[in-house]
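# Descriptive structure summary
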Amino acid sequence: MSTPLTQSAQALAEQIAAGDRSAVEVATAFLDRIEEVDGAVHAFLHVDRGGALAAAAAVDAARARGEDLGPLAGVPVAVKDVLATAGMPTTAGSRILAGWVPPYDATVVTRLREAGLVILGKTNMDEFAMGSSTEHSAFGPTYNPWDLARTPGGSGGGSAAALAAFEAPLALGTDTGGSIRQPAAVTATVGAKPTYGGVSRYGLIALASSLDQVGPCARTVADAALLHAVIAGHDPRDSTSLPSPVPPVVQASTATDLAGLRVGVVSELSGDGYQPGVLARFDEAVAGLEARGASVHEVSCPHFGYALAAYYLILPSEASSNLARFDGVRFGYRAGVEPGHTVEEMMTATRGEGFGPEVVRRIVLGTYALSAGYYDQYYGKAQKVRTLVQRDFATAFDTVDVLVSPTTPTTAFLLGEKLADPLAMYLNDVATIPANLAGVPALSVPVGLAGEDGLPVGLQVMAPVLRDDLLYRLGAVVEADAVARHGVSLPGPGVLDV
Amino acid sequence: MSEPALVAFDDAVTSFDPVIGLEVHVELATASKMFCGCSTQFGGEPNSQTCPVCLGLPGSLPVVNAGAVEAAVRLGLALHCTIAASSTFARKNYFYPDMPKNFQTTQYDQPICVDGYLDVDVPVDGSVRRFRVEIERAHLEEDTGKSLHVGGATGRIHGADYSLVDYNRAGIPLLEIVTRPVEGAGALAPLVARQYVTELRAIVQAIGISDALMHQGSLRCDANVSLRATPTAALGTRTETKNINSLRSIERAVRYEICRQAAVLSGGGRIVQETRHWHEDTGLTTSGRTKEEAEDYRYFPEPDLAPLTPDAAWVASVGASLPELPQETRARVRQEWGLDDLELTQLTNAGVLDLVVATVAAGAPPAAARKWWLGELARLANEAGVEPDALGVAPHQVARVVALVDTGALTEALARQVVAGVLAGEGDPDEVVAARGLAVVNDDDALLAAVDEAVAAHPDVADKVRAGKVSAVGVIVGAVMKQTRGQANAARVRELALDRLGAADIE
């Protein structure tokens, strides 16, 4: 049989269920691939070969006993290192958590295990998910398999790069302002941010609680939908988890036409600041939608222009509080201090040494924004903008079923290119942030390569709350059209041959 | 200390108008914590009642304890509060090692209970004056862990060699009840403060939401005090006294603070807005943190929790399930037992009303139940330094003792011995009677022998009685009682002694 590395997760699951391959064989292939290429990619912070092989063997044994296997049983998955994994180090990309081993599993990790997925290890990320390039990881950057001189986006660059480098067929990401979708776009992979509350956050080390959402990363829309279905659904441990049934995402991902679907193109997420090659691929993809039965409309969301500013007040405010617990008292890194020190001195030294500069920047911003006398001016005002962004979506969804835009303004940028300019880095997320502010679901799907640099371009779909199925319906058709037009987008030959 | 000498209390309240405010924290007696399923049991091995949530481990999330919400609603309704149709949690951010997340999840601008009141009765010159204390709010929050500072002289964090933290208490649900400024109490302010907490505690206990034991910290009180020149002047700068751990200390601490502030103001100084610590041993407050040093808590809405939106019909059903409240109990027993205000206040002040009610419910006549709880049992509790309800004798046991006295099986003196036996852990009253062989001696032969012995021992007294000084027979009776260790029927001894000495009982 051909290598399992390039197979879809769905195909792997079918082969394992049919007995054509064992789960151990599949896991071994991916673990060996990681060993082979991760020195160059650095997608993983921790690889759990023993645990993965044991989980795979358990799936094989269950199959041998004739037990019913779930739709993704035996398929390997990489988990972003911001999700708690019992018995496996979890660092959130930060020195302050180096060596910390959680005593519990995040709910989504429990669901992976229960569904028989095989956890390969933990993927690299910007520290505490703060960043758009994975360069803010305390453990070194991840390199984009399309061009190792470029970043794979962030914060979930590790998960996206692991998929693009065929180190894993599936991965979990988290998305606070685009951390699943932006890396997906620049690595030609698929990533979805579910409806806020659609997937449990229990065990997700919080960046900004009101924006964070766990979501699936995959190489195909159908694979992403299968993983979405495994992790989604109500969790009594997360008070913001919705009690609603999971939208029919798997069924939607098999769509081949868009009859009657009204698609809105957001006029504010285009034009100035967007790379011509990105717009060309995007326009081409949108133009194809009408042939599939959709109607395309231009839609204005006038407050999206303020979303980035509001986001960079709400996120640091919540983060400044969420990150207060990292103080060296109960877990993680503790700074060495002189005998006779006070506990305050220990906490201060721990935080000073344990946090990287981007984390410090956002804690300082958030602390300031929440300060007495400034709250109304900053945090309060940002929440008003958030409400206006939500209204923009509501108004738009009165006339169209989904909204589309380029996922990112540009293709993958060079390592170091934006490191010294935080604002330029933040602007990467201009198209992805509105969905987080409004809690609506969004997905990025590859639409080919930009003409000027040959790097991947992603199209973003946004849908109303709890209509995650629409993401997959449109995504499946866009994906099929792009493949028909350009073939499957794979990292160029010579970089990382499979 | 640079504090000026205190002004005498009477002078202080003549020169100034005191205004008080009280913040009471009640630890709710829910089985599990505010935001997780850990046990709230008091006194467990350190850190044995913890989980990722109450330890604030990365990734953990809170879930509101419905039992705590119900407890808040119960108290809110008992205090005539409005139950908010929607209330929210917020984060109060500050760093402290016994606070796992370095923020406290609490209710801030939208508390669950608002705008209530509590009427408190304060005895004044032979009658009772009623003060209405307005409740601004009651809100839910979580408790912190406990630090133990090892080494150093003070047991406080400064100077300690190292500190240990026990997170068993972290996350235990608290209900904080905050009054509006209480004005117009004048010289009665310290007493109003004490009576308010006494009454609040009684309600909390009656509705079963907490054991409300101040010495265990399940009820804590902070007292705000300010002075102003006249009752119509603007409110003065206030201080907040913490670390008050008994009802009596509330009165003392408020009284002290009034005298201290009067001294500062009379000396031309100004009051610093600050936290002060009450010292039970010295009866003083000392300066803690001033407002200038106070933290900016950077409150903001807790994004991990949805608003509480209790259903109106459910709130009504909670209200309907409330038991008789202490004030209602007092009104009832006042009428049924025919007590006046002062007699009632005596019972409540001594903290024995519920005990008396329970003793009566167990069959004792009200008068006897009152006499025991206000007399012998109050004395024993005082000696032991505990509240009467913690003395170790239950109302049904007291009722049994009363019954034994009523039937003549015990004398009062014997009954006291029985109570002592119960307190010594010898079992129920009947068991103590049996084990100690306590029974009234009615056997005339035995008593006569004892009388003869006493007469022989006190010939001069016997002569006086024979000469007609009947009252002197008490010495003989006393000697007999002493010899029989209180078990003799004293009335019969007297009869026998007078008969023996040929004197008529002319009393």
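### Observations regarding the pairing of strand β5 (residues 190-193) of chain A
Residue and element names in this part refer to chain A. The side-chain alternation of β5 yields two buried faces, one formed by Val190 and Ala192 and the other by Gly191 and Lys193. Examined bridge by bridge, β5 and strand β6 (residues 214-218) share two bridges and lie antiparallel to one another. Considered in β6, the bridge of glycine 191 is made with cysteine 217. Relative to strand β10 (residues 442-449), β5 runs antiparallel, the two sharing three bridges. Bridged to lysine 193 within β10 is alanine 442.

### Description of the packing of helix α2 (residues 23-41) of chain A against helix α3 (residues 49-64) of chain A
In a packed pair of helices, the relevant descriptors are the angle between the two axes and the axis-to-axis distance. All names here are of chain A. It is the contact of α2 with α3, at a shortest axis distance of 7 Å, that shows an interaxial angle of 160°. Between α2 and α3, the angle is such that the two are roughly antiparallel. Here α2 and α3 pass one another in a crossing that is right-handed. Each of Ala23, Val24, Val26, Ala27 and Leu31 in α2 lies in contact with α3, whose residues at this interface are Arg49, Ala52, Leu53, Ala56, Ala57, Val59 and Asp60. Each residue belonging to the contact of α2 with α3 can be placed in one class, and the counts come to ten nonpolar, no polar and two charged.

### Considering the sheet that holds strand β8 (residues 295-299) of chain A
Strand-to-strand pairing in sheets goes through backbone hydrogen bonds, with the strands running parallel or antiparallel. All names here are of chain A. An order of β1-β3-β2-β4-β6-β5-β10-β11-β9-β7-β8 is seen for the eleven strands of this open sheet, with the pairing classed as mixed. Edge positions in the open sheet fall to β1 (44-47) and β8, since each of these has one partner strand only. Within this sheet the neighbouring strands show an average axis-to-axis angle of 30°, counted without direction. Pairing analysis gives five bridges linking strand β7 (residues 262-266) to β8, with the strands arranged parallel. Bridging across to β8, arginine 262 finds its partner in serine 295. Sitting on the sheet, α2 is in contact with β1, β2 (76-80) and β3 (118-123), with an inclination near 20° to β3. Sitting on the sheet, helix α16 (residues 468-486) touches β5, β9 (402-406), β10 and β11 (456-462), and the angle it makes with β10 is about 5°.

### A short note on the interface of chain A and chain B
Interfaces are often sized by the amount of accessible area the parts lose when they come together. Taken together, the contact between chain A and chain B spans 34 residues of the former and 26 residues of the latter. Of all the elements in the fold, those that place two or more residues in the side of chain A that touches chain B are α10 (307-322) and α11 (343-354) of chain A. In terms of residues, the side of chain A that touches chain B owes the most to one element, α10(A), which gives three residues. Its residues assigned to classes, the side of chain A that touches chain B comprises 18 nonpolar, nine polar and seven charged.

### Concerning helix α14 (residues 444-457) of chain B
Across its 14 residues, α14(B) extends 19 Å between first and last C-alpha, which sits within 8% of the 20 Å expected from 1.5 Å per residue. Its buried side turned inward, α14(B) meets α16 (473-483) and α17 (490-500) of chain B.

### Looking at the environment of Gly288(B)
Residue and element names in this part refer to chain B. Counting through the fold element by element, glycine 288 comes out in strand β13 (residues 284-290). In this structure, the C-alpha to C-alpha distance between glycine 288 and arginine 276, residues twelve residues apart in sequence, is 4.8 Å. Setting aside its immediate chain neighbours within four residues, glycine 288 contacts Glu274, Thr275, Arg276 and His277.

### Topic: the environment of Ser444(A)
All names here are of chain A. Among the structural elements, serine 444 can be located in strand β10. C-beta crowding within 10 Å serves as the criterion here: with 36 such atoms nearby, serine 444 is assigned to the buried category. Taking the C-alpha atoms as reference points, serine 444 and alanine 335, 109 residues apart in sequence, are found 41 Å from one another. Among all residues touching serine 444, those that are not within four sequence positions of it are Arg181, Ala184, Ala185, Val190, Gly191, Thr407, Gly458, Leu459 and Gln460.

How each quantity is defined
- Residues numbered from 1 in each chain as written.
- Chains lettered and ligands numbered in written order.
- Predicted model: local features only at pLDDT ≥ 70, side-chain atom pairs only at ≥ 80, totals over all residues.
- Buried ≥ 20, exposed ≤ 12 C-beta atoms within 10 Å, placed from the backbone.
- Helix = DSSP H or I, 4+ residues; strand = E, 2+ residues; numbered from the N terminus.
- Pairing = 2+ DSSP bridges.
- Axes fitted to C-alpha atoms, helices over the stretch in contact; angles between N-to-C directions.
- Parallel < 35°, antiparallel > 145°, perpendicular 65-115°, else oblique.
- Left-handed = near helix turned anticlockwise from the far one by under 90°.
- Contact = placed C-beta atoms within 7 Å.
- Nonpolar A, V, L, I, M, F, W, Y, C, P; charged D, E, K, R; others polar.
- Expected span 1.5 Å × (residues − 1).

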